[in-house]
Amino acid sequence: MSEYSVSDSLAEVRSEIAEACKRAGRNPADVALIAVSKTKPVSMINEAMEAGQTLFGENKVQEMCEKSVELQDTGAVWHLIGHLQKNKVRKAVAVAAMIHSVDSLALAAEISKEAARIGKVQDILLEVNVAEEDSKFGLSVAETPDVAKEIAKLPNLHLCGLMTVAPYTPVPEENRKYFSALRQLAVDIASQNIDNIDMCCLSMGMSNDYAIAIEEGATYVRVGSKIFGERIYTTEGRV
Ligand SMILES: *Cc1c(COP(=O)(O)O)cnc(C)c1O
C-alpha cells in the first residue's frame, strides 16, 4: 500500500461531482469521470479500478497502448485526450474507445481510414481552442462547424461532441466563460441537424475546474492530479 490513497481521492472527486450536479440540477449519471493516469504507474490504476473506476485517460499513444496491454481483460476503457499525430493513428485506433483530440479534417480522415481497416467505427470529439491560446492545439470556434460537416461524411467515424482544454488559472471561475462557449457551440452545431453528428458529449474540466465545467454542461470531466497526485516531470513543466 502506498501512503497516497487513490481510493480516498477518487471518493472525494466523486462526491464533488455529485455536489456540482446537484447545484446544476443535473443527473450525475450524465457526467462521466475520466481518471487521467498519464505518467502514473499501473499499480495506481489498479487501485482506482479496485475502487470501481474503469474509464482512464492518457495523452500519449505509446503510454496508453502499453498500459492497455498490461491491463488487458480487466475492463479498463481508454480515452485518448492528448494531441494525436497522423503516424500514430493506427495504434490509437486499436486501443482508444474515444479520441478527444481531433483537430483537423486530415487527421479525422486518417482515423476513419484506420478504423475502416479494422472494421471499427471510432468515436471522436473535436478539440476546440475556445480560449484561443497560442500554446494549445484545437480548432477555432469559427472553423469548427464547417469541419464538423466535412467529418460527418467520413464513413468510420462517429462525431460525438466537443472537447476543450481551458487555460490554467489559479481562479477556476475565470474558465466558466470558455465552458459555456463550448456548450453553446455544440448547441449551434446540433441545431443544423447534420446526419452522423451527435453533439451530446462535452469533454471539459480538469482537476482545477471540473465542478464549474459540470455546472456549464460537461458530460466528461478529465481529472488527473486530484485523483493520482501531482505529476512529476523531469524535463518538461506542467502538461
Ligand atoms: C493532463 C490532462 C488532464 C488532467 O489534468 P489535471 O489538471 O491533472 O486534472 C486533462 N486533460 C488533458 C487533455 C490533459 O492532458
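Since this is a predicted model, take the numbers as computed values, not measurements.

A.B. asks: Help me understand the site of the ligand in this model?
C.D. replies: Near the ligand there are 13 residues, and of these Lys38, Ser207, Gly224, Ser225 and Arg231 occur at the shortest range. Between the ligand and the protein, one listed contact pairs a nitrogen atom with a side-chain N or O atom of Arg222 at 2.8 Å. Between an oxygen atom of the ligand and a side-chain N or O atom of Arg231, the distance comes to 2.7 Å. Within the complex, 95% of the 390 Å² of free accessible area of the ligand lies under protein. Across the shell around the ligand, the residue classes break down as 6 nonpolar, 3 polar and 4 charged.

A.B. asks: I keep staring at the environment of Lys40 and nothing clicks. Help me out?
C.D. replies: Tracing the chain through its elements places Lys40 in the loop between strand S1 (32–36) and helix H2 (42–50). Separated by 155 residues in sequence, Lys40 and Asp195 place their C-alpha atoms 39 Å apart. Not counting residues within four places of it along the chain, the set of residues in contact with Lys40 comprises Glu63, Lys67, Phe228, Gly229, Glu230 and Arg231. A distance of 3.5 Å separates a polar side-chain atom of Lys40 from the backbone oxygen of Gly229.

A.B. asks: Would you mind showing me how to read the environment of Gln192 here?
C.D. replies: Relative to the helices and strands, Gln192 resides in the loop between helix H7 (176–190) and strand S7 (197–203). Excluding residues that lie within four positions of it along the chain, Gln192 makes contacts with Pro145 and Lys149. Of note is the side chain of Gln192, whose polar atom sits 3.5 Å from the side chain of Lys149.

A.B. asks: What is the right way to look at helix H1 (residues 6–24) in this model?
C.D. replies: Because each turn of an α-helix spans 3.6 residues, side chains separated by three or four positions end up pointing in the same direction. With 19 residues, H1 extends 27 Å between its outermost C-alpha atoms, agreeing within 8% with the 27 Å of an ideal straight helix rising 1.5 Å per residue. Taken residue by residue, H1 has Val6, Ser9, Leu10, Val13, Ile17, Ala20 and Cys21 as its buried positions. Within H1, the buried residues cover an arc of 115° as seen down the axis, which keeps them to one side. Seen from the open side of H1, the exposed residues pointing more than 90 degrees away from its buried face are Asp8, Lys22 and Arg23. As for H1, its buried residues are in contact with S1, H2, helix H8 (210–215), strand S8 (220–223) and helix H9 (225–228). Gly25 sits one or two positions beyond H1 and adopts a positive phi of about 65°.

Conventions used here
Residues numbered from 1 in each chain as written. Predicted model: local features only at pLDDT ≥ 70, side-chain atom pairs only at ≥ 80, totals over all residues. Heavy atoms only, no water. Near = heavy atom within 4 Å. Polar contact = N/O pair within 3.5 Å; in protein donor to acceptor, adjacent residues only side chain to side chain. Areas by Shrake-Rupley, 256 points an atom, 1.4 Å probe, with all protein chains shown as cover. Nonpolar A, V, L, I, M, F, W, Y, C, P; charged D, E, K, R; others polar. Helix = DSSP H or I, 4+ residues; strand = E, 2+ residues; numbered from the N terminus. Contact = heavy atoms within 4.5 Å. Expected span 1.5 Å × (residues − 1). Buried < 20%, exposed > 50% of the residue type's maximum accessible area, 1.4 Å probe, protein only. Arc of directions from axis to C-beta.

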